[in-house]
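Structure at a glance
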Amino acid sequence: MIYTYHYDSPLGSITMAGSETALTGLWFDGQKYFGSSLSAGEYEEQMISVFEQAIDWLDTYFSGENPGFLPALSIETTPFRKAVWEILLGIPYGKTMTYGEIAAIIAKQRGVSCMSAQAVGGAVGHNPVSIIVPCHRVLGADGSLTGYAGGLEKKIALLKIEDIGVKEKWMRKQRK
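Residues numbered from 1 in each chain as written. Predicted model: local features only at pLDDT ≥ 70, side-chain atom pairs only at ≥ 80, totals over all residues. Heavy atoms only, no water.

Next up on the list: the sheet that holds strand S1 (residues 2-9). Read from one edge to the other, the open sheet built from four strands follows the order S3-S2-S1-S4, with strand pairing classed as mixed. The open sheet has two edge strands, strand S3 (23-28) and strand S4 (43-45), and neither has a second partner. When strand polarity is set aside, the average angle formed by the axes of neighbouring strands in this sheet is 25°. Against the sheet, helix H1 (residues 49-62) engages S1, strand S2 (12-18) and S3, with an angle of about 20° to S1. (Pairing = 2+ DSSP bridges. Helix = DSSP H or I, 4+ residues; strand = E, 2+ residues; numbered from the N terminus. Axes fitted to C-alpha atoms, helices over the stretch in contact; angles between N-to-C directions. Contact = heavy atoms within 4.5 Å.)

Glancing now at the packing of helix H2 (residues 79-89) against helix H4 (residues 117-125). H4 packs onto H2 with a crossing angle of 75° between their chain directions and a minimal axis gap of 9 Å. One finds that H2 runs roughly perpendicular with respect to H4. Each of Phe-80, Arg-81, Val-84, Trp-85 and Leu-88 in H2 lies in contact with H4, whose residues at this interface are Ala-119, Val-120, Ala-123 and Val-124. (Parallel < 35°, antiparallel > 145°, perpendicular 65-115°, else oblique.)

With that settled, the discussion passes to the confidence of the model for the chain. Within the chain, residue pLDDT values average 89, and 90% of them lie at 70 or more. Element-level mean pLDDT values for the chain span from 46 in helix H6 (residues 168-175) up to 98 in H1. The low-confidence segment residues 171-176, where pLDDT is below 50, has four contacts with residues more than four positions distant or belonging to other chains. (pLDDT = per-residue confidence, 0-100.)

Spelled out as structure tokens, the structure:
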């Protein structure tokens with residue numbers, strides 16, 4: 001059985017999905033690919049222990065602190081996406097990586113000379129456990145902000161929570 005629960009964050013409502021043992025999804029309501037791991041009619045709204053773990057994590061995170069732990073996660077996906085998401089989980093709180101840096105790590109892991117940063121971008125964009133699997137910490141090659149399934153305004157807010165400076169050039173461009 002898959003369960004869901006709603007969490008009211010400072011950035012808007014979040015829906016969590018999970019099984020008895022692990023978190024399987026976490027999305028800002030209405031974001032791109034919202035509910036991608038939910039099957040129609042096969043879930044029920046109920047508080048379960050993994051949601052309590054996720055709420056503790058989110059409460060700590062939104063207070064501006066590094067949670068220092070992960071709730072149990074179970075994400076069904078392709079081997080490529082899993083490899084990308086494992087790298088995302090390794091990006092330290094308050095730090096960023098570029099799509100190209102992730103592509104280089106994947107290429108090295110696979111023993112190939114190069115990997116497409118665009119393919120990495122597709123995997124990052126389909127991350128079903130937003131915030132906890134920190135896809136918001138991934139930037140363009142020049143440090144610019146790129147797409148975020150929850151919206152760029154949420155990406156900016158998440159980076160600010162972690163005290164990650166947003167490039168002034170990008171901010172000026174957005175104000176025009």
